[in-house]
2 protein chains.
Amino acid sequence: MKAERHKARQQKLKDGVDAKIAKAQEEKGILLVLTGNGKGKSTSGFGTIARAVGHGKKAAVVQFIKGNWECGERTLLEGAGVEFHVMGTGFTWETQDREKDTAAALEAWEAAETLLKDESIDCIMLDELTYMVSYHYLEVDRVLEALMNRPPMQHVIVTGRACHRSIIEMADTVSEVKPIKHAFDAGIKAQPGFDY
Amino acid sequence: MKAERHKARQQKLKDGVDAKIAKAQEEKGILLVLTGNGKGKSTSGFGTIARAVGHGKKAAVVQFIKGNWECGERTLLEGAGVEFHVMGTGFTWETQDREKDTAAALEAWEAAETLLKDESIDCIMLDELTYMVSYHYLEVDRVLEALMNRPPMQHVIVTGRACHRSIIEMADTVSEVKPIKHAFDAGIKAQPGFDY
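The model shown is predicted, which means the values in this text are computed figures rather than measured ones. (Residues numbered from 1 in each chain as written. Chains lettered and ligands numbered in written order. Predicted model: local features only at pLDDT ≥ 70, side-chain atom pairs only at ≥ 80, totals over all residues. Heavy atoms only, no water.)

Caption draft 1: Representation of helix H6 (residues 140-148) of chain B. Residue and element names in this part refer to chain B. Those residues of H6 that fall on the buried side of the exposure criterion are Val140, Val143, Leu144, Ala146 and Leu147. For H6, the angular spread of buried residues about the axis comes to 165°, placing them on one side. The exposed set on the far side of H6, more than 90 degrees from its buried face, consists of Asp141, Glu145 and Met148. Residues of H6 that are buried in the fold lie against strand S1 (31-35), helix H4 (98-115), strand S4 (123-127), helix H5 (129-134), strand S5 (155-159) and helix H7 (165-170). (Buried < 20%, exposed > 50% of the residue type's maximum accessible area, 1.4 Å probe, protein only. Helix = DSSP H or I, 4+ residues; strand = E, 2+ residues; numbered from the N terminus. Arc of directions from axis to C-beta. Contact = heavy atoms within 4.5 Å.)

Okay, structure coming up:
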């Protein structure tokens, strides 16, 4: 009896999912925003890029904030043919010179704009873009325009805390990563190969 | 003046972060839980595995739910030397036979237990494990015991909705991925190379 009830319940769940799948027939480039203060936003974006590459798609990453460490994903993904642009002399927690940062943000954004016009790129990650908008290094209207006019089948992933409301409104899928707890707050060090 | 105020504010932020970094000196294997109903949990886990591999670490994945499609990350990560165990004849939305599913869950869990005793594995992803506990296919105590007794430097990532409270309590870092909106609900199809 228990097994039958379980089966009936699961079937009902499955029917609901199947109905939704039948209804969802449109294909288009998705704008995915991963925001919020929790751990896992950029990592999720890099995972999506890994997935795209695994399917033989062409992908590119523009990183708007660069730490002092080398990021492990970059090694793997560049090896798999992913194009990387990293904001050069620009914003890190170590510099913080408004004029230089703005110039560097603009330069990285121009690389992004070129990708956002290139139909051959299936999936673009704009890592930590949200901060460039929050700090007024980039105008939100310029960002929205490039996103809006991109090739219709091109997927874009935007990551970073406190994503601008207008980008969230334009997005197709938005996940907010909320921190429930973090090892760092318990005195545990960020560790290579896991945290970066 | 504006630039100076900005600099002072950023310096204060940086000082706070630096103080936290100085305090966080412990190194240990992290138990990371990625839960919640939003898009990006497994993808984030796969991103962490990509990162580990990019740093030359040894990583493994046990997938407790397998869709009918091939997952793009698997191609890339297996190519980079990541060991994959996929729950065999077991739970998918297509089957739902309680007895068979339980047997398959146990078999996959035994593979996980072997990995959780293997010091040579730096990072393990237990993808969609939470459902096996929710559906009572696996006893939570058995899961907790294996997690607790694993090699002290081994990182583990658990993904899936509605993670059991006891696993959250044991975890070092927990992120809840909340859906703000999802393209699927707007009638847009799941697309290969992006959604799977």
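Right, picking up where we left off after that structure.
Caption draft 2: View of the side chain of Arg51(B). Checked against the element boundaries, Arg51(B) lands in helix H2 (residues 41-54). Not counting chain neighbours up to four residues away, the residues in contact with Arg51(B) comprise Lys39(A), Thr43(A), Gly72(A), Glu73(A), Gly193(A), Phe194(A), Asp195(A) and Tyr196(A).

Caption draft 3: Looking closely at H2(B). Spanning 14 residues, H2(B) covers 20 Å between terminal C-alpha atoms, matching the ideal 20 Å at 1.5 Å per step. A positive phi of about 80° marks Gly56(B), the residue just after H2(B). (Expected span 1.5 Å × (residues − 1).)

Caption draft 4: Structural context of the pairing of strand S6 (residues 173-181) of chain B. In the sheet, strand S6 (residues 173-181) of chain A pairs with S6(B) via seven bridges, with the strands oriented antiparallel. Within the sheet, the bridge partner assigned to Lys181(A) lies in S6(B) and is Val174(B). (Pairing = 2+ DSSP bridges.)

Caption draft 5: The nonpolar core, seen in detail. Ranked by size, the top nonpolar core spans 42 residues in total, and within it Ile49(A), Leu77(A), Val82(A), Ile157(A), Ile49(B), Leu77(B) and Val82(B) carry the most contacts. The residues contacting Ile49(A), other than those within four sequence positions of it, are Ala59(A), Ala60(A), Val61(A), Leu77(A), Val82(A), Cys123(A), Ile124(A), Met125(A) and Ile157(A). (Core = buried A, V, L, I, M, F, W, Y, C linked by side-chain atoms within 4.5 Å.)

Caption draft 6: Molecular detail of the relation of the copies chain A and chain B. It takes a turn of 180° to lay chain A on chain B, together with a shift of 0.0 Å along the axis; the resulting RMSD is 0.0 Å. When the rotation and shift are considered jointly, the pair of chain copies conforms to a two-fold rotation axis. Here 99% of the contact residues of chain A are again contact residues in chain B; the copies associate through an equivalent surface. (Least-squares fit on C-alpha atoms with pLDDT ≥ 70 in both.)

Caption draft 7: Representation of the sheet that holds strand S3 (residues 83-86) of chain B in the model. The mixed open sheet is built from twelve strands, whose spatial order is S3(A)-S2(A)-S4(A)-S5(A)-S1(A)-S6(A)-S6(B)-S1(B)-S5(B)-S4(B)-S2(B)-S3(B). Strand pairing shows two members of the sheet lacking a second neighbour, strand S3 (83-86) of chain A together with S3 of chain B, which therefore form its edges. Sheet twist, expressed as the mean angle between neighbouring strand axes with direction ignored, is 15°. Sheet topology note: the S1(B)/S6(B) ladder contains four bridges and is parallel. Looking across to S6(B), one finds that Leu32(B) is bridged to Thr173(B). (Axes fitted to C-alpha atoms, helices over the stretch in contact; angles between N-to-C directions.)

Caption draft 8: Seen up close, the packing of helix H3 (residues 72-79) of chain A against H2(B). Between H3(A) and H2(B), the shortest axis-to-axis distance is 6 Å and the interhelical angle comes to 85°. Judged by the angle between their axes, H3(A) and H2(B) are roughly perpendicular. Between H3(A), through Gly72(A), Glu73(A), Thr75(A) and Leu76(A), and H2(B), the contact on the second element is made entirely by Gly47(B), Ala50(B), Arg51(B), Val53(B) and Gly54(B). Looking at the contact of H3(A) with H2(B), its residues break down into three nonpolar, four polar and two charged. (Parallel < 35°, antiparallel > 145°, perpendicular 65-115°, else oblique. Nonpolar A, V, L, I, M, F, W, Y, C, P; charged D, E, K, R; others polar.)

Caption draft 9: A look at the interface of chain A and chain B. Across the boundary between the two partners, chain A contributes 79 residues, which contact 78 residues of chain B. Summing both sides of the interface, chain A and chain B together bury roughly 7100 Å²; the carbon and sulfur share of this comes to 59%. At the boundary of chain A and chain B, one finds two salt bridges. Its salt-bridge partner being Lys189(B), residue Glu27(A) comes within 3.8 Å of it at the nearest N-O pair. If you list the elements that add at least two residues to the side of chain A that touches chain B, you get helix H1 (2-23), strand S1 (31-35), helix H2 (41-54), H3, strand S5 (155-159), helix H7 (165-170) and S6 of chain A. Per-element accounting of the side of chain A that touches chain B gives the leading share, eleven residues, to H1(A). Residue composition of the side of chain A that touches chain B, by class: 34 nonpolar, 22 polar and 23 charged. (Buried area = accessible area lost by both parts, 1.4 Å probe. Salt bridge = Lys/Arg side-chain N within 4 Å of Asp/Glu carboxyl O.)

Caption draft 10: Region of the structure containing empty space enclosed by the protein. Counted by the stated rule, this structure contains one cavity of 30 Å³ or more. Estimates place the volume of the largest cavity at around 30 Å³. Lining the largest cavity are Lys39(A), Gly40(A), Ser44(A), Val177(A), Leu34(B), Lys39(B), Gly40(B), Ser44(B) and Val177(B). Residue composition of the lining of the largest cavity, by class: three nonpolar, four polar and two charged. (1 Å grid on protein atoms, 1.4 Å probe; cavity = no way out; pocket = protein on both sides within 12 Å on 5 of 7 lines; lining within 4 Å. Points joined across faces, edges and corners; volume = space filled by probe spheres on them.)

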